[in-house]
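For reference, the chains in residue letters:
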Amino acid sequence: MNRVVVGAQWGDEGKAKITDLLAQDADLIIRYQGGCNAGHTVVAHGKTFKFHLIPSGILYKGKTCLIGNGTVILPESFQTEIEGLKAENIDLSGLKVSPLAAITMPWHTEVDGYSESNAGKGKIGTTKKGIGPTYTDKMQRIGLRIEDLYSKETLSEKLDVILPIKNKQLKEVYNLKTYTKDEVLALCEKYAEIFRPYVCFDWQNLLRDAKREGKKILFEGAQGVMLDVDFGTYPFVTSSNPVGGGAGIGSGYGPTVIDEVIGVAKAYCTRVGEGPFVSELTDAVGKSIQDIGHEFGVTTGRPRRCGWFDAVTMKYACLVGGLTSIALTKIDVFDTFDEIKVCTAYKDTRNGETYTSYPTDVYTHKYLEPVYETHKGWGEDITAVRKYEDLPENCRKYLERLEQILETPISIVSVGPDREQTIFKV
Ligand code: IMP
C-alpha cells in the first residue's frame with residue numbers, strides 16, 4: 001500500500017504523529033514539497049525531535065528517506081538538522097536528497113524578508129525561509145538545483161545567466177546586496193560539501209527498484225491543502241502543492257503508484273500567518289482551544305489562530321486534496337467542552353445567500369459569516385480510549401456527522417500525542 005499523508009487544513013494538523021505511525025510500515029519515505037518552513041515534532045527514544053525538512057522516518061532503522069525533487073532546500077537549515085540528528089547518534093545512512101531539488105540561496109531569504117516587511121496589507125506572514133522566492137526562480141528557470149553544485153561547468157554557465165538578472169532585481173527592485181560570481185561559487189563549494197554524502201544521483205533506479213520490489217512508499221506532505229498555491233486561500237498560501245496530486249510531481253513517481261491519500265485534520269482549525277479564516281474564534285473559546293491544544297508554531301513560535309472545525313473548507317480539501325480518508329487529530333482537546341460547533345456553511349452578509357461549496361475569491365471572505373451546527377460535548381477524558389466503540393456516544397455521533405458532511409471516511413482518530421493514543425477506525 002502506497003500512501004500520501006497530507007495536511008487538510010492550514011498546516012499543523014498533527015501530520016508528524018500520523019506520518020510517524022505510518023512510517024513504521026513503509027520502506028521508502030519521500031518528502032515531496034515545501035522546505036524548512038515546515039516544523040514536525042516527534043517524540044522517540046525518550047527525546048523530542050524537531051524536523052523541518054528531513055522525513056521523521058529517519059528515526060526508524062532501515063528506512064530510505066528521500067527529500068524529493070519538489071522540495072526547496074536551505075543548505076544551512078539542512079546542515080543544522082543533520083548535525084542535530086548526528087548529535088543524537090541517529091543513523092543517517094538512509095537519507096537521500098534528490099539532485100533535482102531546488103536550492104534556497106541567500107538572496108531568496110533576503111527577498112522573502114524584504115517582501116514581508118514592505119508588503120503592507122499584502123503581508124502573507126511567511127516563515128521568511130525564502131520559500132516563495134526559491135519557487136519563483138525555479139519557475140522562472142533561473143534557479144539552482146542540487147546537481148548543479150557538482151559540475152563546475154554547469155554552475156558557471158548557469159550563474160552567467162542567473163546573476164545578471166538576479167543582481168538587477170536585487171539592486172533595482174529590492175535595494176538589496178548584489179552578488180559576485182566568485183562569491184556565489186565559493187558558497188556553492190560549501191553547499192556541495194554539505195549535501196555530498198546524501199545526494200542520490202541514482203534516484204531513478206532507487207524509485208524503479210522500490211516499485212518493482214513492491215516496497216511500501218509513504219509520501220510525506222508538508223503545510224496543508226488550504227495553503228496549496230493552486231487551491232488554498234491564494235495569495236495567503238505557501239508556494240508549492242501540498243495536495244495529494246503534488247506527491248506525484250514532487251517525488252518522481254507520477255500519480256499511478258499512489259493507492260491512498262490520507263488527509264490529516266484537527267477537530268478544530270488553526271492557522272498561522274495572515275489570510276482569511278471564516279470560523280476563527282477571537283474570544284475565550286478560541287483562547288481555550290489555543291491553551292488546551294498548545295497551539296504555538298514549531299518553526300516560528302508564533303501563537304496559532306484558532307477556530308471551530310470548518311466543514312466547508314474540509315469538504316473542499318477532500319475534493320482537491322484527493323483524499324481517500326481522514327485522520328482526525330486532537331479530538332481530546334474537546335474533552336471538557338459542553339458544546340462543540342462545526343461550521344457547515346458560510347452566510348454572505350451582502351445578500352443573505354449561504355454557501356456550502358468553498359468560495360475561492362478570498363477577498364470576499366470578509367463578508368462571510370460561519371453558519372454553525374452545535375453538538376453536545378462528551379464531558380469525559382478520552383485520552384485512554386483505544387477502540388472506536390469505547391468512545392463516548394456523543395463523540396462518535398460527532399465523528400459520524402463529520403463523515404456524513406464530508407462524504408469521506410475517518411480512518412484514524414488521534415486522542416493524544418503518543419503513538420499509542422490512536423484509534424484505527426476501519
Ligand atoms: P511560506 O511557506 O514561508 O512562504 O509561508 C506562507 C504561508 O504558509 C504563511 O501563512 C505561513 O505561516 C504558512 N506556512 C508555511 N509553512 C507552514 C507550516 O508548516 N505550518 C503552518 N503554516 C505554514
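These numbers come from a predicted model, not from an experiment. (Residues numbered from 1 in each chain as written. Predicted model: local features only at pLDDT ≥ 70, side-chain atom pairs only at ≥ 80, totals over all residues. Heavy atoms only, no water.)

(A) Structural detail: the pattern of salt bridges. All chains considered together, the criterion is met by 25 salt bridges. The partner of E295 in a salt bridge is K266, and the shortest N-O contact between them spans 2.9 Å. You can see E295 sitting in the loop between α9 (284-292) and β12 (305-310) and its partner K266 sitting in strand β10 (residues 260-266), a full 29 residues away along the chain. One exposure class covers both E295 and K266, and it is buried. Residues joined in a network through salt bridges with shared partners are D12, K266, E295, R304 and K330. (Salt bridge = Lys/Arg side-chain N within 4 Å of Asp/Glu carboxyl O. Helix = DSSP H or I, 4+ residues; strand = E, 2+ residues; numbered from the N terminus. Buried < 20%, exposed > 50% of the residue type's maximum accessible area, 1.4 Å probe, protein only.)

(B) Structural context of the site of the ligand. For the ligand, the set of nearby residues contains 16 residues, the closest of which are D12, N37, T127, T238 and R302. For the ligand, an oxygen atom lies 3.3 Å from a polar atom in the backbone of G125. A breakdown of the residues in the shell around the ligand according to their chemical character gives seven nonpolar, seven polar and two charged. (Near = heavy atom within 4 Å. Polar contact = N/O pair within 3.5 Å; in protein donor to acceptor, adjacent residues only side chain to side chain. Nonpolar A, V, L, I, M, F, W, Y, C, P; charged D, E, K, R; others polar.)

(C) Representation of unusual backbone geometry in the model. In the segment running from Y234 into P235, the intervening peptide bond is cis, with an omega of 10 degrees. One can find P235 in the loop between β9 (217-220) and α8 (244-251). Phi is positive for D12, close to 60 degrees, though the residue is something other than glycine. Among the structural elements, D12 can be located in the loop between β1 (3-7) and α1 (15-23). Among the residues examined, D12 registers a relative accessible area of 25% and is labelled partly exposed.

(D) Structural context of helix α6 (residues 181-195). Spanning 15 residues, α6 covers 21 Å between terminal C-alpha atoms, matching the ideal 21 Å at 1.5 Å per step. Residues of α6 that are buried: V184, L187, C188, Y191, A192, I194 and F195. The buried residues of α6 occupy an angular sector of 150 degrees when the element is viewed end-on, so they sit on one face. Among the exposed residues of α6, those pointing more than 90 degrees away from its buried face are D182 and E189. Those residues of α6 hidden inside the fold are in contact with β6 (72-73), α2 (75-87), β8 (102-103), α3 (106-117) and α5 (152-173). (Expected span 1.5 Å × (residues − 1). Arc of directions from axis to C-beta. Contact = heavy atoms within 4.5 Å.)

(E) Layout of the environment of E153. In this structure, E153 sits in helix α5. When the C-alpha positions of E153 and K215 are compared, they lie 37 Å apart, and in sequence the two are 62 residues distant.

(F) Looking closely at the domain arrangement of the protein. Parsing the protein into structural domains produces domain 1 (3-98 + 199-261), domain 2 (102-195) and domain 3 (266-321 + 329-407 + 416-424). Relative to domain 2, the C-alpha centre of domain 1 lies at a distance of 23 Å. Contacts between the two partners involve 25 residues from domain 1 and, on the opposite side, 19 residues from domain 2. Buried area between domain 1 and domain 2, both sides added, is near 1,900 Å², and the carbon and sulfur share of it is 68%. On the domain 1 side of the contact with domain 2, V72, P75 and V199 bury the most area, a combined 27% of that side's loss. On inspection of domain 1 and its partner domain 2, the count reaches seven residue pairs in polar contact (both at pLDDT 80 or more). (Domains from an automatic or database assignment. Buried area = accessible area lost by both parts, 1.4 Å probe.)

(G) Spatial organisation of empty space enclosed by the protein. This structure, assessed with the given rule, holds one cavity of 30 Å³ or more. Here the largest cavity is characterised by a volume of approximately 30 Å³. Around the largest cavity, the lining residues are W10, T233, P276, F277, V278, D310, T313, Y346, Y358 and H365. For the lining of the largest cavity, the per-class residue count stands at six nonpolar, three polar and one charged. (1 Å grid on protein atoms, 1.4 Å probe; cavity = no way out; pocket = protein on both sides within 12 Å on 5 of 7 lines; lining within 4 Å. Points joined across faces, edges and corners; volume = space filled by probe spheres on them.)

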